[in-house]
Amino acid sequence: MELKSNVPEGPLAEKWDNHRFTSKLVNPANRRKHSIIVIGTGLAGASASATLAEQGYEVKTFCIQDSPRRAHSIAAQGGINAAKNYQNDGDSIQRLFYDTIKGGDFRSREANVYRLAQVSNNIIDQCVAQGVPFAREYGGTLANRSFGGAQVSRTFYARGQTGQQLLLGAYSALSRQIKTGKVTMHTRKEMMELVLVDGKARGIVTRDIITGKLETYSADAVILATGGYGNAYFLSTNAMASNVTAAWRAHKKGAGFANPCFVQIHPTCIPVHGSFQSKLTLMSESLRNDGRVWVPTKPGDTRRPGSIPEDERDYYLESKYPGFGNLVPRDVASRNAKEQCDEGKGVGTTNLAVYLDFAEAISRDGEATILRKYGNLFQMYEKITDSNPLREPMMIYPAVHYTMGGLWVDYNLMTTIPGLFAIGECNFSDHGANRLGASALMQGLADGYFIIGTSIASYLGSTKQDAVDSDHPQFSDAKKQVQGRIDKLLDCNESGPDGKLTVDEIHKELGLLLWDHCGMARNKEGLEKALTELPAIQEKFWNNVYIPGTGEELNQSLERAGRLADFLEFAEIMILDALNREESCGCHLREESQTEDNEAKRDDAGYSHVAVWEYQGDRGAPKLHKEQLLFENVTPSQRSYK
Amino acid sequence: MSTTSINLSLEIWRQKDSKAKGDFETYKLTNISTDMSFLEMLDVLNEQLTREGSDPVAFDHDCREGICGMCGAVINGIAHGPEPETTLCQLHMRHFNEGDTLVIEPFRSRAFPIHKDLVTDRSALDRIIQAGGYVSVNTGGTPDGNSTPIPSATAELSMDAASCIGCGACVASCPNGAAMLFTGAKISQLSLLPQGQPERKERAMAMVTAMDKEGFGNCTNERECEAVCPKGISIRNIARMNREFVKASFF
Amino acid sequence: MFFIQFLKSSIGKKWIMACSGFCLILFLCSHAAGNATLFNSIPLFQAYADQLHSHPLIISVLSKALSLVFVIHTTTGVLLFLQNRKARSTGYKVQKRAVKYSQASRTMIFSGLFILLYVLAHTYAVSFGDHATIGLTISYLFSSPLVVLFYITSFIVLAIHLSHGFWSMLQTFGVNHPRYNKLIRNLTYIVPIFFLLIFSAISLLFIF
């Protein structure tokens, strides 16, 4: 596997321009002769489908939900960053670039991140033109807020529903192209396999979720916009259907998987309250501006928070990090919460929560002020937990939120398989080892609206390929393989459900293993333990899972089982990657790599690279490749929050 | 937060596929924690059914935080259940009592055929949007975001309408199976904004025509849609659509 | 043609109901005003009736136009009812409304049909008789408590019909604005009660 990043020549600020100038183009009249498959209709997928169709390509777009508007981008609350500098507070493309690459703890590619900052402004213009109702100032100009600890106000927002509004904007652009016939939209179809012809991505096999029918589709290029793999942990803030299947299928066909261990864990989620819990709900981090985090000093203290006197409370963030206190970055806050709970000081029925107390802020500023700031969050919290944060401290706990790792892509967002592109959360490219708040939306739309068009033209314009249709033997072979896999899954249920396990039971087991050993803080011992325990879970799945029903109908258990099967395989490279990265960086603390005062210690000499895993067949151990990261324009610096 | 457990009796619509004739089946659930969401309660039922070797209840769901619009069923006659402005996934079992019988039915409308159990086909709503629920701008070449000032109040009104999650509860609850609130919300969102002006008339005409073609019923102003809407979208948007459509038809 | 297309659309049909309903409300106003002469005396009412009938325009054009509007309102209403039933052919096992006090809107078709029945009876009894002696006809009619009861029942049904119909008409016309909604809400009580009181009082005049 060769990792050629294809970063264009020239100074950083001119690379994108140079690249667009030197890239091959496809004549407008010829574009209709090319077909492109897009998997996924989140911000990246919907915007890419619409944009490519506008340019004249024949686009086939697929999603697993009943409508393209359901993709999980819709759940993003906070906002979207752009270097508009509308607030005149010193923002610039250079600053957004620097913040993003520094936020990612210097584990991403300079050129990609700079381009992201460059096109961020176009995204805002595009969305405004589509009729996205961003918040406005009284004078009618766009409003901004500061977000995720940024020192400038560069975040554009539409109430707490920015992701929804941006997605609906992209969805409307997509709908327009569906109407013109340039996009053929396939809903409720799940990509089951990638098809290569002559080593290039030429099509996919899908399963119709309603009828169970396997179908094949061919194209000149395939774009994956299938999101992240946070659901490997079972509990995450991802949607229930979010999965790694498409990316994993591509990986098994030769696409390198980059930094799979980089998973962002968000500190302020509503805690788990029982084994039946199906997902976690995120609450805005802004809560930490006024809330004080604490746990009882005595482990196993079951008194209600109100009856725990002040001197028996441990405001651990404030005592440990006097400079930043409760406002330490996400990873530090998350890690410390888990630490406290591991010491037995966790609160709530599951002992997996810490308090976030607003009592002091309320007595200082009054209820009205606090409600004005956090009213809707308090409401949401009360709806779910039936407890009023004005009366009793909130309980919070970290949860898996975003995956920075993903398919390895070059500057063109092309994977190591020619003709296969990965955009949005599905690729690894822009967030390094940690993602800044309000940057996910920015990246999804940058890739879809402004970058992929150039890449596709460049690829199609410089690649000679024969017309292939889905009668090609590679397609029927792939289809047979998929059928085989489904049959194998359903084989397990021949002897009935007795003594067997449900898909979710096994998924929870995998989730727990990853959470315990491949979560926020990792160590060699734990990761090696996880690596030895994983095969047993895989085996349990294949021998002992019970999936009711058949493959020729709407069968939600079968859908989940197929996704879990891929998560189980994928988990191996996640753990391996974590094991291999013997440094603390971004979201993760590697326990062996700490400073004297227990802070994360990055190791630039040893790990300033992207770790890319290559699939070596069912028996072979995954092979590690490295893309060295060169920093010519910024100097990596160590973080300190003391 | 006081956790208690309740026992429930569920009457759920079971239908094998779109052609099958469905019927209600009764299930008993014991020890349901009141901290569960409604969908988690269904998860528990499905785990139980799976272990018994029977077919679990198919139901649509995805984000489980009340924004994707994928989930939805009619609980004891009310779409998304008894709590106002709450989707099914955000409805918690503490709103039910020990021994309750819950009748769970799929969203029903001529325009929403049933795929299986509680899973319906709501693609008609997508086709209404495809008819004109957009501003025809291509990617690139758009003016600076601040080039057209929009009064904050107007942006907020537009946002009120834009917060529709497309779940279809308005259609399901309407005694006439009408999609006026859904269509009205999108027409309103864009007609309020300067960006929506150039296509204002074409949009109103095209979207209302598409809505009628899909087999949705007529609006008789019963306000059920507004009452069940998980995002609290007002029928003021329907009034606005009425005006827009008349203007587009006559002027 | 655009007009036919408009009328055929779902919103067009709403407008037909609202416009015809509006005409009928106007008619109710004039009818109430004319009948109010009975509060004074039967001869005055007779004089009003004679005056009315002395205008050929009123007899030949307006009365026919009124019948036409009435027929349009009724047939469109019935048509909509039938069409809408088809759009939700399968009902729910549990029939429940989320809107409180939705009795009026739920029963529009039935209150409407009852009013139709009333109108037929009323025109048969009053309009087809000799208008020269209408004052006498009326005092004869209303001397029967049963007739008065039927009339008052009908006025109550009319008031219920209007309590949804009046607001619904404004909503269809697109009149829905937070600044005026309180006024509109009050009017939805005032308008039906006004008609109920005035017409019932007239029919009760003859009993006491």
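Note on numbering: residues in each chain are counted from 1, in written sequence order. Here the convention is simple: chains get letters from A, ligands get numbers from 1, in the order in which they are written. Local features in this predicted model are restricted to residues of pLDDT 70 or higher, and side-chain atom pairs are both shown and tallied only at a pLDDT of 80 or more, whereas totals for entire chains, interfaces and linings draw on every residue. Heavy atoms throughout the structure, all of them, feed into the side-chain values; hydrogens and water do not.

Caption draft 1: The arrangement of the overall build of chain B in detail. Strands here are runs of E lasting at least two residues and helices are runs of H or I lasting at least four, both read from the DSSP assignment and numbered beginning at the N terminus. Helices and strands together make up the secondary structure of chain B, namely eight helices and seven strands. The buried label goes to any residue with under 20% of its type's maximum accessible area, the exposed label to any with over 50%, and the partly exposed label to all in between, with areas taken from a 1.4 Å probe on protein chains only. Taking all 251 residues of chain B together, 68% fall into the buried category. Relative to all contacts within chain B whose residues are 6 or more apart in sequence, the contacts with residues 24 or more apart total 70%. Only carbon and sulfur atoms are counted for the fraction: they give 50% of the accessible area of chain B, which is about 7,900 Å². Mean positive and mean negative side-chain charge positions of chain B (24 and 32 charges, respectively) differ by 6 Å. The contact rule is simple, with two residues in contact once any of their heavy atoms fall within 4.5 Å. Every accessible area reported is derived by Shrake-Rupley at a probe size of 1.4 Å, with residue values counting cover from the shown protein chains alone. The convention is simple: Lys and Arg are positive, Asp and Glu are negative, and His and the chain ends are not counted. Here the site of a charge means atom NZ of a Lys, CZ of an Arg, CG of an Asp or CD of a Glu.

Caption draft 2: Quick look at the interface of chain B and chain C. The interface of chain B with chain C comprises 47 residues on the first partner and 37 residues on the second. Both faces considered, chain B and chain C share a buried interface measuring about 3,600 Å² in area, 55% of it formed by carbon and sulfur atoms. Here the quantity called buried area is the accessible surface, traced with a 1.4 Å probe, that two parts lose on coming together, added over both. Among the residues of chain B in contact with chain C, Asn218, Asn221 and Arg236 of chain B are the three that bury the most area, contributing 18% of the side total. In protein, a polar contact means a hydrogen-donor-capable atom and an acceptor-capable atom, both N or O and within 3.5 Å, with residues adjacent in sequence counting only if both atoms are side-chain atoms; elsewhere, any N or O pair within 3.5 Å suffices. Counting every contact that joins chain B to chain C gives 24 residue pairs in polar contact (both at pLDDT 80 or more). If you list the elements that add at least two residues to the side of chain B that touches chain C, you get strand S5 (101-105), helix H4 (169-173), helix H6 (200-213), helix H7 (224-228) and helix H8 (236-250) of chain B. With 10 residues, the single largest contributor to the side of chain B that touches chain C is H8 of chain B. By the convention adopted, Pro, Cys, Tyr, Trp, Phe, Met, Ile, Leu, Val and Ala count as nonpolar, Lys, Arg, Asp and Glu as charged, and the other residues, Gly among them, as polar. Among the residues making up the side of chain B that touches chain C, the classes are represented as 24 nonpolar, 13 polar and 10 charged.

Caption draft 3: Main features of the packing of helix H5 (residues 180-192) of chain B against H6 of chain B. Residue and element names in this part refer to chain B. Packing of H5 against H6 brings their axes to within 10 Å, and their N-to-C directions diverge by 170 degrees. With respect to H6, the element H5 is oriented roughly antiparallel. Between H5 and H6, the contacting residues are Met180, Thr183, Lys186, Ile187, Leu190 and Ser191 on the first element and Arg200, Arg203, Ala204, Met207, Val208 and Met211 on the second. Here the contact of H5 with H6 is composed, by residue class, of seven nonpolar, two polar and three charged. Think of each axis as a best-fit line through the C-alpha atoms, taken over the contacting stretch in the case of a helix, with angles from 0 to 180 degrees between the N-to-C directions. Working rule for angles: under 35 degrees goes down as roughly parallel, over 145 as roughly antiparallel, 65 to 115 as roughly perpendicular, anything else as oblique.

Caption draft 4: Structural view of the pattern of salt bridges. Salt bridge, as used here: a side-chain nitrogen of Lys or Arg that lies within 4 Å of a carboxyl oxygen of Asp or Glu. Per the counting criterion, the structure on display carries 71 salt bridges over all chains. Overlapping salt bridges, with partners in common, bring together Asp290, Arg292, Glu318, Glu360, Arg364, Asp365 and Lys373 of chain A in one network.

Caption draft 5: Representation of the arrangement of the chains in the model. Ranked by contact count, the leading pair among the two pairs of chains in contact consists of chains A and B. Across all C-alpha pairs, the smallest distance from chain A to chain C is 20 Å, and the two are not in contact.

Caption draft 6: The arrangement of the nonpolar core in detail. Only buried residues count toward a nonpolar core. Its members are Ala, Val, Leu, Ile, Met, Phe, Trp, Tyr and Cys residues joined through side-chain atoms within 4.5 Å. The biggest cluster of nonpolar side chains holds 275 residues, and the ones touching the most others in it are Ile80, Phe134, Leu194, Leu224 and Ile456 of chain A together with Phe216 of chain B. With 14 residues, helix H16 (residues 556-580) of chain A is the largest single contributor of residues to this core. Filtering out sequence-adjacent residues up to four positions away, leucine 194 of chain A remains in contact with Ala201, Gly203, Ile204, Val222, Arg249, Ala250, Lys253, Ile417 and Leu420 of chain A. In this structure, Phe276 of chain A together with Cys71, Ala73 and Phe96 of chain B belong to the second largest nonpolar core, which totals 28 residues.

Caption draft 7: Quick look at the pairing of strand S8 (residues 214-218) of chain A. Residues and elements named next belong to chain A. In terms of burial, S8 is a largely internal element, five of the five residues being buried. Along S8, one buried face is formed by Leu214, Thr216 and Ser218 and the opposite face, lined by Glu215 and Tyr217, is buried too. The pairing of strand S7 (residues 200-208) with S8 spans five bridges and is antiparallel. When the bridges of S8 are listed, arginine 207 appears paired with leucine 214. The turn linking S7 back onto S8 is made up of five residues, and glycine 212 within it adopts a positive phi angle of 80 degrees. A pair of strands is labelled paired if DSSP reports no fewer than 2 bridges between them.

Caption draft 8: Inspection of helix H2 (residues 123-132) of chain B at higher detail. Buried residues dominate H2 of chain B, accounting for nine of its 10 residues. If you follow the buried residues of H2 of chain B, they end up packed against helix H6 (162-180) of chain A together with H4, H5 and H6 of chain B.

Caption draft 9: Summary view of the side chain of serine 47 of chain A. Residue and element names in this part refer to chain A. When you line up the elements, serine 47 lands in helix H3 (residues 43-55). A polar side-chain atom of serine 47 sits 2.5 Å from the main-chain carbonyl oxygen of leucine 43. Setting aside residues up to four positions removed in sequence, serine 47 forms contacts with Gly42, Ala170, Gly444, Leu445, Gly448 and Tyr449.

Caption draft 10: Representation of the interface of chain A and chain B in the model. In this complex, chain A contributes 74 residues to the contact, which on the side of chain B involves 76 residues. Around 6,500 Å² of area is buried between chain A and chain B when both sides are counted, 50% of it from carbon and sulfur atoms. Taken together, the connections running from chain A to chain B amount to 10 salt bridges. Between arginine 159 of chain A and glutamate 156 of chain B there is a salt bridge, and its shortest N-O distance comes to 3.0 Å. Our enumeration of links across chain A and chain B arrives at 47 residue pairs in polar contact (both at pLDDT 80 or more). Every element with two or more residues in the side of chain A that touches chain B is listed here: H3, helix H5 (110-129), H6, helix H11 (367-385), helix H12 (440-462), helix H14 (503-517) and H16 of chain A. Examining the composition of the side of chain A that touches chain B, we find that nine residues originate from one element, H6 of chain A, more than from any other.

Caption draft 11: View of the environment of tryptophan 542 of chain A. Residues and elements named next belong to chain A. Mapped onto the elements, tryptophan 542 comes out in helix H15 (residues 524-544). With 23 residues separating them in the primary sequence, tryptophan 542 and alanine 565 have C-alpha atoms 8.3 Å apart. Once you skip the residues sitting within four places of it in the chain, tryptophan 542 turns out to touch Lys488, Leu489, Cys492 and Ala565.

Caption draft 12: Representation of the sheet that holds strand S9 (residues 221-224) of chain A in the model. Residue and element names in this part refer to chain A. Strand order in this open sheet of five strands is S5-S2-S1-S9-S17, and the pairing throughout is parallel. Both outer strands of the open sheet, strand S5 (183-186) and strand S17 (420-422), are each paired with one neighbouring strand and no more. Ignoring strand direction, the axes of neighbouring strands in this sheet form an average angle of 20 degrees. Note: strand S1 (residues 35-39) against S9, four bridges, orientation parallel. Residue pairing across strands places isoleucine 39 opposite leucine 224, the latter belonging to S9. Helix-sheet contacts for H3 involve S1, strand S2 (58-62), S5 and S9, and the interaxial angle to S2 is about 165 degrees.

Caption draft 13: Structural detail: empty space enclosed by the protein. All names here are of chain A. Buriedness for pockets is judged along seven lines, at least five of which must meet protein on both sides within 12 Å for an open set on the 1 Å grid over protein atoms alone, while cavities are sets there where a 1.4 Å probe fits but cannot get out, and lining residues have an atom within 4 Å of a point. Grid points are joined across faces, edges and corners, and a volume is the space filled by probe spheres set on the points. Taken as a whole and assessed by the stated rule, the structure comprises 13 cavities of 30 Å³ or more. Taken as a whole, the second largest cavity holds about 170 Å³ of empty space. In terms of lining residues, the second largest cavity is bounded by 15 residues, among which Met192, Leu489, Leu558, Gly562 and Arg563 are the most central.

Caption draft 14: Structural view of a nonpolar patch on the surface. Exposure above 30% relative accessible area and no salt bridge define the residues that can form patches, which grow by joining like charges within 9 Å and nonpolar side chains of Val, Leu, Ile, Met, Phe, Trp and Tyr within 5 Å. Together, Phe250 and Phe251 of chain B together with Met1, Phe2, Phe3 and Ile4 of chain C make up a nonpolar patch on the protein surface, roughly 670 Å² of accessible area in all. At three residues, the largest contribution of residues to the nonpolar patch is made by helix H1 (residues 2-8) of chain C. Considering the arrangement of structural elements, one finds phenylalanine 3 of chain C in helix H1.

Caption draft 15: View of the domain arrangement of chain B. Residues and elements named next belong to chain B. Where each domain begins and ends follows an automated or database-derived domain assignment. Assigned domains of chain B: these are domain 1 (5-105) and domain 2 (123-250). Taken residue by residue, the interface counts 11 residues in domain 1 and 10 residues in domain 2. Here domain 1 and domain 2 share an interface that buries about 780 Å² over both sides, 62% of which is from carbon and sulfur atoms. Remark: the boundary between domain 1 and domain 2 carries zero salt bridges. Counting the contacts that link domain 1 with domain 2 gives one residue pair in polar contact (both at pLDDT 80 or more).

Caption draft 16: Local environment of the packing of H5 of chain B against H8 of chain B. Residue and element names in this part refer to chain B. With their axes 8 Å apart at the nearest point, H5 and H8 run at an angle of 70 degrees to one another. As judged from the angle between their axes, H5 and H8 are roughly perpendicular. H8 is crossed by H5, and the crossing has left-handed handedness. Along its contact with H5, which presents Met180, Leu181, Thr183, Gly184, Ala185, Ile187, Ser188, Ser191 and Leu192, the element H8 presents Asn237, Ile238, Arg240, Met241 and Glu244. We call a crossing left-handed when the near helix sits turned anticlockwise from the far one by less than a right angle, and right-handed when that turn is clockwise.

Caption draft 17: Seen up close, the domain arrangement of chain A. Residue and element names in this part refer to chain A. Segmenting chain A into domains produces domain 1 (32-262 + 404-461 + 473-615) and domain 2 (266-399). Measuring from the centre of the C-alpha atoms in domain 1 to the corresponding centre in domain 2 gives 30 Å. Summed over both sides, the interface between domain 1 and domain 2 buries roughly 1,800 Å², with carbon and sulfur atoms accounting for 57% of that surface. Summed over the shared surface of domain 1 and domain 2, the result is zero salt bridges. Where domain 1 touches domain 2, the interface holds five residue pairs in polar contact (both at pLDDT 80 or more). For the side of domain 1 that touches domain 2, the element with the highest residue contribution is H14, accounting for three residues. Looking at the side of domain 1 that touches domain 2, its residues break down into nine nonpolar, nine polar and four charged.

Caption draft 18: Summary view of a negative patch on the surface. A cluster of acidic residues, Asp487, Asp491, Glu494 and Glu552 of chain A, forms a negative patch on the protein surface. Counting through the fold element by element, glutamate 494 of chain A comes out in the loop between helix H13 (473-491) and H14.

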